[in-house]
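Here is what each chain is made of, one letter per residue.
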Amino acid sequence: MSHPPVSARLYGPGGPADGMAASLAWRGQWLVVSGGEVVLHTLAIADLRAEARGFNDSQLGLYWSDDAGDHVLILDAAALAVFREAAPAAFGHRLEAVRQAQRRTDRRFRWGIAVLLTALSLPLVALGLFLGFSDPLADWVVKRIPPSVEARLGEGVLAQTRAQSSLVASGPVFDGVQAIAQRLAQPDEKLRFYVADRPEINAFAAPGGVVVVNTGLLRAAGSPEEVAGVLAHEIAHVELRHSLGQLVKAAGLRVLLSAGVGDYGPLTDWGARLTELKFSRDAERAADTRGLERLVAARIDPAGLPRFFKTLEKSEAGGTPPALLSTHPATGERQASLGAAIQALGTPAVEPIPVDWPALQAALPRPR
Amino acid sequence: MAMDEVDYEIFGNEMQFVEVELDPGEAAIGEAGAMMFMQDGIDMDTIFGDGSAQQGGFFGKLLGAGKRLVTGESLFTTVFHNEGNGKRRVAFAAPYPGKIIPMHLAELGGTLICQKDSFLCAAKGVSLGIAFQKKLGAGLFGGEGFIMQKLEGDGYAFIHAGGTLKELILAPGQTLRVDTGCVVAFQPSVDFDIQFAGKIKTALFGGEGLFFATLRGPGKVWLQSLPLSRMADRIVMSSRLASGPGARSRDEGSLLGGVALGGLLGGDE
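Here the structure is a predicted model, which is why all the values come from computation and not from measurement.

Draft legend 1. Highlighting the overall build of chain A. Scanning chain A from N- to C-terminus turns up 13 helices and eleven strands. Taken over 368 residues, chain A has a buried fraction of 33%. In chain A, of all internal contacts separated by at least 6 residues, the share reaching a separation of at least 24 is 63%.

Rendered as structure tokens:
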């Protein structure tokens, strides 16, 4: 059995500094090193030392010494494979040690990279966990926020609303809204209803049981039942403490995002905003369902809420959607799910709300 | 696939360009944007990957292109082939002050490990691969990162070094400590690792960093005196638009501070 000679580079005393090409061949237990046609060295296995060398330990260094000095043969990765094949068994275990050294380098590299990547992705993992468990986490935090803090937050929101627009605190408009609210709210609930003189079609709930309706919404609504539907939805937000939950989630999300992607302004902001939107859509769906239950319990026609959405849809067609929609699910989708839920209720007993709607609308302040 | 044997000539002293002479049918590959001029009869073609024979098939090409992306080069390589009858020339210019090093890969054993971004041009058939630095210390602190470029083939490849070039032949076991970032290329028989600067005082106040790159022979190594990043730092630092620590921009704005006081007291760093 004969193997092709293996090419290598020979460094040693008397030779050129950057080595010379040599070829290696095994003759029994002897390694013959030749340059061109001339045999330069004939070496016994016992005199040879093998070591992994070079970039990434990918090469083989063969060392030996004689009277002239130290000699080195360097074999590259391809030559090493051929050389290993041809080597006598007595030399095999030394090459095995080299192979193990090479594997060790590879293994360390893989582990190192794995650790590095893990460390780099930790904030992202935390972010993923947060997104996955945001609801129970937010609930846990919200449960630990005392009512006094919640009330203070509500007062703050109310003060801001007062600063931005005047509140309608008396007259037929105010009385009408309070009458609708009375039907909806249970006596033991600490809910406060306000009417803000603003043109946007919007209503919102703040922590501490504050519900604010814009005059713009009252103008757009076609009946007291429609307003009742919106109020029931907002009361559900209060009941489920959504605004607090969203505050907690938004704060946590921003902290994690800035840890994950760094303080990379636009990206962090975008990511946070997008996720907040998703949070709020989930909350809206929950509020829709809960609001519907409340309407039925108060013997108010639940069809008012989907009807109001139809009104919204009309105004939506005219360009920019009203503020109420920006953080809400698509109106069509909501209408469909609400319609299905109402259908499932059958025909609940309803009593009309005793509010003179045309008179209330006539009493609305002029839009500015 | 046989490599195309190209003749070349390097012009200039500190800002060089290389003129490659192509026989009819021969081709060279260049880093995108490196071409300076080409004569009539040379056809330019943009290919996906590096045009070497190893990249058979679509996936091979995709892999090659991906590797180029990792080393910070563009996905596409430009091939310049001579479609004329006589010898034609195409020139590639270095992107910043320094030296162009002609590497005859066959004489160097067929493989060369380079710092990424140093490639300028090569005979068609030279493969541009990546070589991961598998020694973690060297990857993290060696100044070249984990990704190096591997040139394989037996034709000419031209790489570029910043500043002045130092070519060294290391004897077996001979070790050289190099400031991180100054290594341009080395033969694969050379060990590339790092070494702690040794003394805490030197590490903290010496300004040379915590680690040296160490190169251990046997084999050839090529060092650059001025890594591009170092020059870029200085340019940014002295820019009028610079801000932050180390910026010396305001010196020039004020008459007293800039010319008299700042100039005398500040000296030249």
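Past the structure itself, the notes keep going.
Draft legend 2. Main features of the overall build of chain B. Along chain B, the regular secondary structure elements total six helices and 19 strands. Look at the contacts in chain B between residues 6 or more apart in sequence, and 76% of them connect residues 24 or more apart.

Draft legend 3. Region of the structure containing the packing of helix α5 (residues 171-184) of chain A against helix α7 (residues 224-239) of chain A. Residues and elements named next belong to chain A. Here α5 crosses α7 at 55 degrees, and the two axes come no closer than 10 Å. Taken together, the axes of α5 and α7 lie oblique to each other. As α5 packs across α7, the resulting crossing turns out to be right-handed. Taken together, the residues of α7 that come into contact with α5 (itself represented by I180, A181, R183 and L184) are P224, V227, A228, L231, A232 and I235. Class assignment for the residues of the contact of α5 with α7 results in nine nonpolar, no polar and one charged.

Draft legend 4. Structural view of the interface of chain A and chain B. Opposite the 19 residues of chain A that make contact, chain B presents 17 residues. Put simply, the parts of the chain that give the side of chain A that touches chain B at least two residues each are β1 (6-11), β7 (69-75) and α2 (89-132) of chain A. Element by element, the count of residues in the side of chain A that touches chain B is highest for α2(A), at five residues. For the side of chain A that touches chain B, the per-class residue count stands at six nonpolar, seven polar and six charged.

Draft legend 5. Here's a closer look at the sheet that holds β7(A). Residue and element names in this part refer to chain A. With antiparallel pairing, seven strands are arranged side by side in an open sheet as β4-β3-β2-β1-β7-β6-β5. In this open sheet, the two edge strands, each paired with only one partner strand, are β4 (38-44) and β5 (49-53). Shown here is a sheet whose adjacent strand axes are inclined to one another by a mean of 35 degrees, direction ignored. When strand β2 (residues 20-27) meets strand β3 (residues 30-35), the two strands line up antiparallel, connected through five bridges. The residue of β3 that forms the bridge with R27 is W30. Sheet strands touched by helix α1 (residues 77-86): β1, β2, β6 (59-66) and β7. Its angle to β1, the strand with the most contacts, is close to 110 degrees. Together, β5 and β6 form the strand contacts of α2, whose direction differs from that of β5 by roughly 15 degrees.

Draft legend 6. Focus on the sheet that holds strand β2 (residues 17-22) of chain B. All names here are of chain B. Taken in spatial order, the four strands line up as β1-β2-β7-β4 in an open sheet, and their pairing is antiparallel. At either end of the open sheet lies a strand with only one pairing partner, and these are β1 (7-11) and β4 (35-38). Strand-to-strand, the axes of this sheet are offset by a mean angle of 20 degrees, without reference to chain direction.

Draft legend 7. View of unusual backbone geometry. The residue after B:G217, namely B:P218, is reached through a cis peptide bond having omega 10 degrees. Of note, B:P218 is situated in the loop between β18 (211-216) and β19 (219-224). Residue A:D57 is not a glycine yet carries a positive backbone phi of 55 degrees. With respect to the helices and strands, the residue A:D57 is situated in the loop between β5 and β6.

Draft legend 8. Structural context of the environment of A:D57. Residues and elements named next belong to chain A. On the basis of neighbour count, D57 is assigned to the buried category, with 20 C-beta atoms found within 10 Å. On a C-alpha basis, the gap between D57 and A101 in space is 7.6 Å, while along the polypeptide they are 44 residues apart. Not counting the four nearest positions on each side in its chain, D57 is found in contact with A52, A101, Q102 and T105.

Draft legend 9. Structural view of the pairing of strand β6 (residues 76-82) of chain B. All names here are of chain B. Burial runs high along β6: five of the seven residues are buried. Pairing of strand β3 (residues 27-30) with β6 involves four bridges; the strand directions are antiparallel. In the sheet register, G30 faces β6, and the bridge partner there is T78. In this structure, strand β5 (residues 42-48) lies alongside β6, joined through seven bridges in antiparallel fashion.

Draft legend 10. Spotlight on the nonpolar core. Formed by 53 residues in total, the largest nonpolar core has its most connected members in B:A28, B:F158 and B:I159. Ranked by size, the runner-up nonpolar core spans 42 residues in total, among them A:V211, A:I235, A:L312 and A:I353.

Draft legend 11. View of α1(A). Residue and element names in this part refer to chain A. All of the buried residues along α1 are A79, L80 and F83. Relative to the axis of α1, the buried residues are bounded by an arc of 100 degrees and lie together on one face. Facing away from the buried side of α1, by more than 90 degrees, are the exposed residues A78, A81 and E85. Buried residues along α1 sit against β1, β2, β6 and β7.

Draft legend 12. A look at the pairing of β1(B). Residues and elements named next belong to chain B. As defined by bridge partners, β1 adjoins β2 across five bridges and the pair is classed as antiparallel. Across the sheet, residue D7 finds its bridge partner in β2, namely E21. Where β1 folds back onto β2 in an antiparallel hairpin, the turn is made up of five residues, including G12, whose phi is positive at roughly 90 degrees.

Draft legend 13. Examining the environment of A:E51 more closely. Residues and elements named next belong to chain A. Position of E51 relative to the elements: it lies in strand β5. Given 15 C-beta atoms within a 10 Å radius, E51 is considered partly exposed. Setting aside residues no more than four positions away along its own chain, E51 makes contact with G61, Y63 and V98.

Draft legend 14. Geometry of the confidence of the model for chain B. All names here are of chain B. Here chain B averages 80 in pLDDT, and 78% of its residues register 70 or above. Residue range residues 249-269 is modelled with pLDDT below 50. Its contacts to residues more than four positions away, or to other chains, number twelve contacts. Interface scoring of the predicted complex returns ipTM 0.72; its pTM is 0.65.

Calculation rules
Residues numbered from 1 in each chain as written. Chains lettered and ligands numbered in written order. Predicted model: local features only at pLDDT ≥ 70, side-chain atom pairs only at ≥ 80, totals over all residues. Helix = DSSP H or I, 4+ residues; strand = E, 2+ residues; numbered from the N terminus. Buried ≥ 20, exposed ≤ 12 C-beta atoms within 10 Å, placed from the backbone. Contact = placed C-beta atoms within 7 Å. Axes fitted to C-alpha atoms, helices over the stretch in contact; angles between N-to-C directions. Parallel < 35°, antiparallel > 145°, perpendicular 65-115°, else oblique. Left-handed = near helix turned anticlockwise from the far one by under 90°. Nonpolar A, V, L, I, M, F, W, Y, C, P; charged D, E, K, R; others polar. Pairing = 2+ DSSP bridges. Core = buried A, V, L, I, M, F, W, Y, C linked by C-beta atoms within 7 Å. Arc of directions from axis to C-beta. pLDDT = per-residue confidence, 0-100.

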